[in-house]
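Remarks on the overall topology
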Amino acid sequence: GQQVMQIPQYQHVQEGEDFTTYCNSSTTLSNIQWYKQRPGGHPVFLIQLVKSGEVKKQKRLTFQFGEAKKNSSLHITATQTTDVGTYFCAVSTHYSGTYKYIFGTGTRLKVLA
Amino acid sequence: DVKVTQSSRYLVKRTGEKVFLECVQDMDHENMFWYRQDPGLGLRLIYFSYDVKMKEKGDIPEGYSVSREKKERFSLILESASTNQTSMYLCASSRDTEAFFGQGTRLTVV
């Protein structure tokens with residue numbers, strides 16, 4: 001089945017530093033989604049990208065979909081302690097007239113004050 | 001707001017017990033999903049359903065079954081719980097773009 005690999009698995013940064021997590025696939029993706037899970041919480045949808053080379057921003061977060069639609073990245077500028085959590089990429093794939101979500105392994109971000 | 005509610009936040013069960021994890025959503029979503037979350041492995045899809053009484057196997061269905069008798073409710077069943085099923089279980093529902101998750105059930109099998 002389709003797989004998405006996510007790196008790094010963990011990242012510790014000083015508050016104010018930038019952070020990037022990467023999501024890679026061996027096959028072309030129809031879309032890519034990003035979710036954030038706070039410690040002790042559940043994943044919450046952040047954004048979906050569908051176009052080749054698409055870039056979207058949400059305040060300090062920048063999401064990018066690769067030109068070949070095989071990779072994506074999430075970049076956080078000037079991290080804050082509120083950014084702590086695990087970030088997952090996910091792919092919505094069609095299956096028998098419906099679809100399912102395949103998640104990456106996640107990147108756990110720790111921000112040191 | 002969409003609400004996905006899982007019946008228990010924490011459960012402790014004995015090896016060999018039959019375990020039911022319940023999930024209810026209130027937004028009339030057709031699609032519902034069960035994932036388990038383990039450190040370093042991300043979210044792995046166990047089963048999903050796109051309609052009442054319809055179910056599809058995900059990536060790791062072994063040792064699990066599901067039931068969807070009503071549109072709003074999707075149950076995960078561990079027929080005979082084993083210690084390697086100790087995990088965080090997350091239910092989700094969706095209509096089209098995004099998945100909405102419940103708060104999770106941390107199951108410990110002893």
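Here's a quick rundown of the structure. (Residues numbered from 1 in each chain as written. Chains lettered and ligands numbered in written order. Predicted model: local features only at pLDDT ≥ 70, side-chain atom pairs only at ≥ 80, totals over all residues. Heavy atoms only, no water.)

1. Here's the deal with the overall build of chain A
Short version of the rule: Each helix is a run of H or I in the DSSP string that is no shorter than four residues. Each strand is a run of E no shorter than two, and both are numbered from the N terminus. In this description the radius of gyration comes from C-alpha coordinates, and the expected globular size is given by 2.2 Å times residues to the power 0.38.
Helix and strand content of chain A: 0 helices and 11 strands. Along chain A, from the amino end to the carboxyl end, the secondary structure elements read β-β-β-β-β-β-β-β-β-β-β. Taken over C-alpha atoms, the radius of gyration comes to 14 Å for chain A, in line with the 13 Å a tight globule of 113 residues would show. By principal-axis analysis of the C-alpha atoms, chain A measures approximately 45 × 30 × 20 Å.

2. Quick word on the state of the cysteines
All names here are of chain A. Selection rule: Throughout, disulfides are identified as pairs of cysteine sulfur atoms within 2.5 Å of each other.
The final tally for this structure, using the stated rule, is 2 disulfides over all chains. For Cys23, the disulfide goes to Cys89, at an S-S distance of 2.0 Å. An S-S torsion of about 70° defines the bridge between Cys23 and Cys89 as right-handed. Note that Cys23 is positioned in strand β3 (residues 19–24) and Cys89 in strand β9 (residues 85–95), a separation of 66 residues in sequence.

3. What to know about the sheet that holds strand β8 (residues 71–76) of chain A
Residues and elements named next belong to chain A. Which entries qualify depends on this criterion: Strand pairing requires that DSSP identify at least two bridges connecting the strands. Every angle, taken between N-to-C directions, lies between 0 and 180 degrees, and every axis is a line fitted to C-alpha atoms, over only the stretch in contact when it is a helix.
Taken in spatial order, the 5 strands line up as β1-β3-β8-β7-β6 in an open sheet, and their pairing is antiparallel. Of all the strands in the sheet, just β1 (5–7) and β6 (55–58) have a single pairing partner and so form its edges. With direction set aside, neighbouring strand axes in the sheet form an average angle of 15°. In this sheet, β8 lies alongside β3 in antiparallel orientation, the contact comprising 6 bridges.

4. A look at the packing of aromatic side chains
Selection criterion: Stacked, edge-to-face and tilted labels apply to pairs of Phe, Tyr and Trp rings (six-membered ring for Trp) whose centres lie within 6.5 Å, assigned for plane angles under 30 degrees, over 60, and everything in between, in that order.
Throughout the structure, instances matching the rule amount to 12 aromatic pairs over all chains. An aromatic cluster of three or more residues is present, and its members are Tyr35, Phe45, Phe88, Tyr101 and Phe103 of chain A together with Phe33, Tyr35, Phe48 and Phe101 of chain B.

5. A look at the pattern of salt bridges
Residue and element names in this part refer to chain B. Selection rule: Whenever a carboxyl oxygen of Asp or Glu lies within 4 Å of a side-chain nitrogen of Lys or Arg, that contact is scored as a salt bridge. Relative accessibility decides the category of a residue: with a 1.4 Å probe and only protein chains considered, values under 20% of the type maximum give buried, values over 50% give exposed, and everything between is partly exposed.
Overall, the coordinates contain 9 salt bridges over all chains when judged by the stated rule. In this structure, the salt-bridge partner of Arg73 is Glu22, at a minimum N-O distance of 4.0 Å. Of this pair, Arg73 sits in strand β9 (residues 73–78) while Glu22 sits in the loop between β3 (19–21) and β4 (23–25); the two residues are 51 residues apart in sequence, bridging distant segments of the chain. Among the residues examined, Arg73 registers a relative accessible area of 38% and is labelled partly exposed. Given a relative accessible area of 22%, Glu22 falls into the partly exposed group. The salt bridge involving Lys53 is made with Glu69; its shortest N-O contact spans 2.5 Å.

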